[in-house]
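Residue-level structure breakdown
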Amino acid sequence: MTAKTVPVDTFDLVIFGGTGDLALRKLLPGLFRRYAIGQIPEDSRIIGVARDPLSDQAYRERVGQALAAVVQADASLQPRLAAFLDRLGYRALDATKDAGWHEFADQLLAQGERIRVFYLSTSPGLFVAICNRLQAHGLNRGSARVVIEKPIGKDSASAAVINDAVGSAFSESRIFRIDHYLGKETVQNLMALRFANILFEPLWNSNYIDHVQITVAETVGLEKRAGYYDTSGALRDMVQNHLLQLLCMVAMEPPAAMEADAVRDEKLKVLRALRPIGAEEAAQMTVRGQYRAGASNGRAVPGYLDELGRNDSRIETFVALKAEVDNWRWAGVPFYLRTGKRLAERVSEIVIAFRPVPHSIFEPSAGPVVANKLVMRLQPDEGVKLWLMIKDPGPGGLRLQHVPLDMSFAEAFGVHQPEAYERLLMDVVRGNPTLFMRRDEVEAAWNWIDPILAAWEGVRDAPKPYTAGSWGPSAAVALIERDGRTWHEDSA
Ligand code: BG6
């Protein structure tokens, strides 16, 4: 089966932070793949912007080196590499100074009316300055749009400042707040599973679902991002955005149509229905951890404080928490979320744990009747498993077995699953904001996170230590086991 590629309109994409890690590791490789399969028209241009003086040629060489790994992984892309690099240009600009902006604006506007995308892959401290200059030079007009990366603030108040500044240059429909988790294949599939099948929706409520688990576990540590990470921590870096967005996709009501505002209205209702976790509840409902030295992927790794080179950081590299959605559908159904760095495995998954059958008709010798689970794996090995009870095959007494109906997307479809950024970048060019966060969603997410942060700040204890390569502090296990449940482990 092959995926159908619909070319987008010609565009100019300007990447602020064009020499940065995100641009070189995700954005440009994603654009290259889309170009190689013919989705990006030949007369489109991609312009990297950063402060270093670089020629177009030097920039192309730098990007070429970054793309070597992409080509190595898929040799069929090689013939398109030179032509892709030809689409690239470079501009040295400082967002805080006037120099060069006039010429830059002239260069872009000389093309006449075409789609212009400004991707702010910079520190959020520069968002305001960049938007002000784009506006001052008339680059926000026509069909121009802006993409902003997280972190959108450190709390509600700082998020409002960023949103106000970006909002004064671009109208809301032209602002694409990216959360790359929404571009992942399985997240899209969650919508398809829920809303394109009659099977699940009648069961998708507190009558049939016991609880939900969302795990985003990483094996990497600080990855040279100390400057950012140590002012953020896992709650701001992962929960405020990625995990809450996944929670919304599971919990939202069916939107009336697959339209941006219809979908985002429903997600917003979920965020607003999250029961607040304040100083009183935080000790019971949340666990923070910080990794110590241990082993990751078979090699010894230092602890967080050693990587950081300081021993006074109280920043959490792990969070587990129990969230509750106070509405009719989800009353009494806990959502257990956990995420962390330097955990045992890289795995992201959503587990819908159904209630057990009300009564077992089987003899005890048949074994326990285990409750059904629907497990959606985002990475690695994207796919869906539906855990069912069946009869153990063969003669003899009836014994039951818990087995997964297993659909691995790679095996089932055998096509390259586009990376989240590939899909989302093309959505920006098409002007489709469905998979991007609206201002009120970001604000509602911060409104729920703020009191947790405040509660943590108000207590003296440091995050709980855990060994690198483990599943986090034992308190995270206790968090769920206290309720008579366990974290899902894939045993098949
Ligand atoms: C980013 C976080 O948003 O997501 C990183 O800032 C994290 O800390 C990354 O490593 C995880 O993304 P993925 O797609 O690798 O799961």
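Per-chain numbering applies: the sequence of each chain, read as written, is numbered from 1 onward. In keeping with the predicted nature of the model, local features appear solely for residues at pLDDT of at least 70, side-chain atom pairs appear and are counted solely at 80 or more, and the whole-chain, interface and lining totals rest on all residues. With hydrogens and water set aside, each side-chain value is computed from the structure's full complement of heavy atoms.

Under the scheme used here, helices are H or I runs from DSSP no shorter than 4 residues and strands are E runs no shorter than 2 residues, and both carry numbers assigned from the N terminus. In terms of helices and strands, the protein chain carries 16 helices and 17 strands. Values of the radius of gyration come from C-alpha atoms, whereas the globule rule sets the reference at 2.2 Å times the count of residues to the power 0.38. Against the compact-globule benchmark of 23 Å for 492 residues, the protein chain has a radius of gyration of 24 Å, which places it among compact chains. Projected onto its principal axes, the C-alpha positions of the protein chain cover 80 × 55 × 50 Å. The 492 residues of the protein chain split such that 53% are buried. For accessible areas, the Shrake-Rupley method is used with a probe of radius 1.4 Å. Any residue's cover is judged against the shown protein chains and nothing else. Summing over all exposed atoms, the protein chain offers an accessible surface of approximately 21,500 Å²; the carbon and sulfur share of this is 53%. A distance of 1 Å separates the average location of the 57 positive side-chain charges in the protein chain from that of its 61 negative side-chain charges. Buried, partly exposed and exposed residues are distinguished by accessible area as a fraction of the type maximum, computed with a 1.4 Å probe on protein chains only: under 20%, between the cut-offs, and over 50%, respectively. Counting rule applied: Lys, Arg positive; Asp, Glu negative; His and chain ends not counted. The atoms used to mark charge sites are NZ of Lys, CZ of Arg, CG of Asp and CD of Glu.

Right, let's talk about the site of the ligand for a bit. Only a single heavy atom is needed: when it lies within 4 Å of a molecule or strand, its residue is near that molecule or strand. The ligand sits among K150, H180, Y181, K184, E218, R225, D237, M238, H242, K341, R346 and Q379. Polar contacts, as counted here, are pairs of nitrogen or oxygen atoms within 3.5 Å of one another; within protein the pair requires one atom able to donate a hydrogen and one able to accept it, and residues that are adjacent in sequence qualify only if both atoms are side-chain atoms. Interatomic distance of 2.8 Å between a side-chain N/O atom of R225 and an oxygen atom of the ligand. Within the side chain of Q379, one N or O atom sits 2.6 Å away from an oxygen atom of the ligand. About the coverage of the ligand: the protein hides 84% of its 400 Å² of free accessible area. Per element, the largest residue contribution to the shell around the ligand is 3 residues, and it comes from helix α9 (residues 234–251).

Within strand β7 (residues 209–217), 9 of the 9 residues are buried, which leaves it mostly tucked inside the rest of the structure. In this description, strands pair whenever DSSP reports at least two bridges between them. The pairing of β7 with strand β12 (residues 334–340) spans 6 bridges and is parallel. Directly across from A217, in β12, lies its bridge partner G340.

Turning our eyes to something else, we now look at the environment of A157. Here A157 shows up in helix α6 (residues 156–169). A157 sits in the exposed class, given a relative accessible area of 53%. Sequence separation of A157 and G18 is 139 residues, and the distance between their C-alpha atoms is 28 Å.

Now for the sheet that holds β12. Here 9 strands make up an open sheet; going across it, the order is β16-β15-β14-β13-β7-β12-β11-β8-β17 and the pairing mixed. Edge strands, defined here as strands with exactly one partner in the open sheet, are β16 (400–408) and β17 (464–467). Averaged over all pairs of adjacent strands, the angle between strand axes in this sheet comes to 20°, irrespective of strand direction. The pairing of strand β8 (residues 286–292) with β17 spans 4 bridges and is parallel. Paired with G289 across the bridge in β17 is K464. Contacts are assigned to residue pairs that have any heavy atoms within 4.5 Å of one another. Simply put, an axis is a line fit to the C-alpha atoms, just over the touching stretch for a helix, and the angle between two N-to-C directions goes from 0 to 180 degrees. Where helix α15 (residues 439–457) meets the sheet, it contacts β8 and β11 (318–324), and its direction lies at approximately 125° from that of β11. Helix α16 (residues 474–481) contacts β7, β8, β11, β12 and β17 of the sheet and is inclined by roughly 15° relative to β11.

Let's shift gears to the packing of aromatic side chains. Stacked, edge-to-face and tilted are the three classes for Phe, Tyr and Trp ring pairs, Trp counted by its six-membered ring, which pair at centre distances within 6.5 Å; planes under 30 degrees apart are stacked, over 60 edge-to-face, the rest tilted. Using the criterion set out here, one finds 15 aromatic pairs in the structure. Measuring from ring centre to ring centre gives 6.5 Å for F16 and F104, while their planes differ by 85°; the resulting arrangement is edge-to-face. Here F16, found in strand β1 (residues 11–16), pairs with F104, found in helix α4 (residues 101–109); they are 88 residues apart in sequence, far enough to count as distant. Using a relative accessible area of 3% as the deciding quantity, one classes F16 as buried. Residue class for F104 comes out buried when judged on its relative accessible area of 0%.

For the rest of this paragraph, the subject is the sheet that holds strand β5 (residues 145–148). Reading across the sheet, the 6 strands line up as β3-β2-β1-β4-β5-β6 and stay open at both edges, with parallel pairing between neighbours. Of all the strands in the sheet, the pair left with one neighbour each is β3 (88–92) and β6 (175–177). Neighbour-to-neighbour, the strand axes of this sheet turn through a mean angle of 20°, independent of strand direction. Bridge count for β1 against strand β2 (residues 45–50) is 5 bridges, and the pairing is parallel. Among the inter-strand pairings, D12 is bridged to a residue of β2, identified as R45.

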